[in-house]
Amino acid sequence: MSAADPMLEAERVLRICSACMYCDGLCPVFPAIDGKHGFSLSDVSYMSNLCHNCQGCWHDCQYAPPHPFAVNLPATFAELRQRSYADHLWPPTLGRAFRASSLAVPATVALAQLITFALVLSTGSTEMLFAADAREGAFYRMLPWPAMAGLAGGTFAWAVIAITLATLRYWRTIAPGVTISEIMRALPVALSDIITLRHLGGGGPGCHDDGAPPSHRRRILHHLTAGGFVLSGLSTMVAAAYHHLLGVAAPYPVGSLPVMLGLVGGVTMTVGAVGLLGLEARADREPSDRGETRLNVAFLILLALVGASGLAVLGFRSTPAMGLLLSTHLGLVFGLFAALPFSKALHAPFRAAALLRAAIDGNRRASTQAPEAAGDTP
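These numbers were taken from a predicted model, which means no experiment stands behind them.

Here the focus is a nonpolar patch on the surface. A contiguous nonpolar patch, built from Trp90, Ile161, Leu165 and Leu168 and spanning about 390 Å² of accessible area, is present on the exposed surface. By the element assignment, tryptophan 90 lies in the loop between helix H5 (73–88) and helix H6 (92–99).

Looking at the element boundaries, arginine 99 is found in helix H6. Spatially, the C-alpha atoms of arginine 99 and leucine 80 are 12 Å apart, while their sequence positions differ by 19 residues. When residues no more than four places from it in sequence are discounted, the contact partners of arginine 99 are Ala86 and Asp87.

This part covers the packing of helix H12 (residues 217–246) against helix H13 (residues 257–282). Two elements in contact, H12 and H13, have axes whose closest approach is 7 Å; the angle formed by their N-to-C orientations is 150°. On the basis of their axis angle, the class for H12 and H13 is roughly antiparallel. The way H12 lies across H13 gives a crossing that is left-handed. Its residues assigned to classes, the contact of H12 with H13 shows 17 nonpolar, twelve polar and three charged.

Now for the pattern of salt bridges. A full pass over the atoms with the stated rule returns eleven salt bridges. For aspartate 361, the salt bridge is made with arginine 364, and the minimal N-O distance between the two is 4.0 Å. Of this pair, aspartate 361 and arginine 364 both sit in helix H16 (residues 347–376), three residues apart, roughly one helical turn. On the basis of relative accessible area, aspartate 361 is assigned to the buried category, the value being 14%. Overall, the relative accessible area of 34% leaves arginine 364 in the partly exposed class. Salt bridges here are not isolated pairs; linked through shared partners, they connect Glu182, Arg357, Asp361 and Arg364.

Rules used throughout
- Residues numbered from 1 in each chain as written.
- Predicted model: local features only at pLDDT ≥ 70, side-chain atom pairs only at ≥ 80, totals over all residues.
- Heavy atoms only, no water.
- Patch = residues over 30% accessible without salt bridge, like charges linked within 9 Å, V, L, I, M, F, W, Y side chains within 5 Å.
- Areas by Shrake-Rupley, 256 points an atom, 1.4 Å probe, with all protein chains shown as cover.
- Salt bridge = Lys/Arg side-chain N within 4 Å of Asp/Glu carboxyl O.
- Helix = DSSP H or I, 4+ residues; strand = E, 2+ residues; numbered from the N terminus.
- Contact = heavy atoms within 4.5 Å.
- Axes fitted to C-alpha atoms, helices over the stretch in contact; angles between N-to-C directions.
- Parallel < 35°, antiparallel > 145°, perpendicular 65-115°, else oblique.
- Left-handed = near helix turned anticlockwise from the far one by under 90°.
- Nonpolar A, V, L, I, M, F, W, Y, C, P; charged D, E, K, R; others polar.
- Buried < 20%, exposed > 50% of the residue type's maximum accessible area, 1.4 Å probe, protein only.

And the structure:
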């Protein structure tokens, strides 16, 4: 029978897994528990973020329900991952916002929309909001550059600072005593695992997403979403260079570099986010956690809206709909940045930290085994 406390349940399940080790090779969680008989809060917090939720262990486990042991490692880790996010956020108010993120994220985005529309109306007129304007500088006649750059820069800086502090606090929890030289030696392997999402491969065949045979759809859709987000950010940076270095104000020609980066980024981010939402809708609920599913859906909807609204601005920027679409898109972007520190976006730096710790542990195991192997040599 499973225990009610998620920490006790994690210890119970991990002891069974450590004794069995049938799933060794599926992901880095199992090498991390090999030979261990006790698991601290730090261990469990580390392993819960090392898990990529491919659910391979759920499908391979001989002790999963209806077996009386009722081992459900993916659901157990999903609940503990959320606790690890909330416990390490700073200031602590963010932890409370994270626990209520299904309300806090939409409320933040709605507030950002209200502020954006208020600024647009206060600096222009209602008629301008519904008037066609395709001339150079049209975007800044809708919302002046200082207001646009100030809101974007302020919310983005807030997100970077809050997420960096949370990640550093998490790192101190899961990796006490790690030296800089150990980090530098482990960094290439960790970066490779982070960029390739190797552990979303479920040991080779992929993830069990919707009861169908395992596939690499989730891994591919993750790459599209993350890649689209990065390209969209690059588009904004290149546009800023056009504005400040070349003296050319938006909107830019369709064939220009900022527009092409934004077009490809917007399409891939929207396709990736919508595809991941489709997988969430068809997912097997038993090895999942309801709270994590809500987090995933809220974050993916927001990303899809940001991508789709950006594409709509590009498609209708010469029409009277430009003002309304641009204001909506900017409000969504400001809301996304403001909500990032208490959204599912936290999974990226926390999982990266766990992968770095796993790479360090791998190097330590290799250096321990090397002298032993040398001693066995006649």
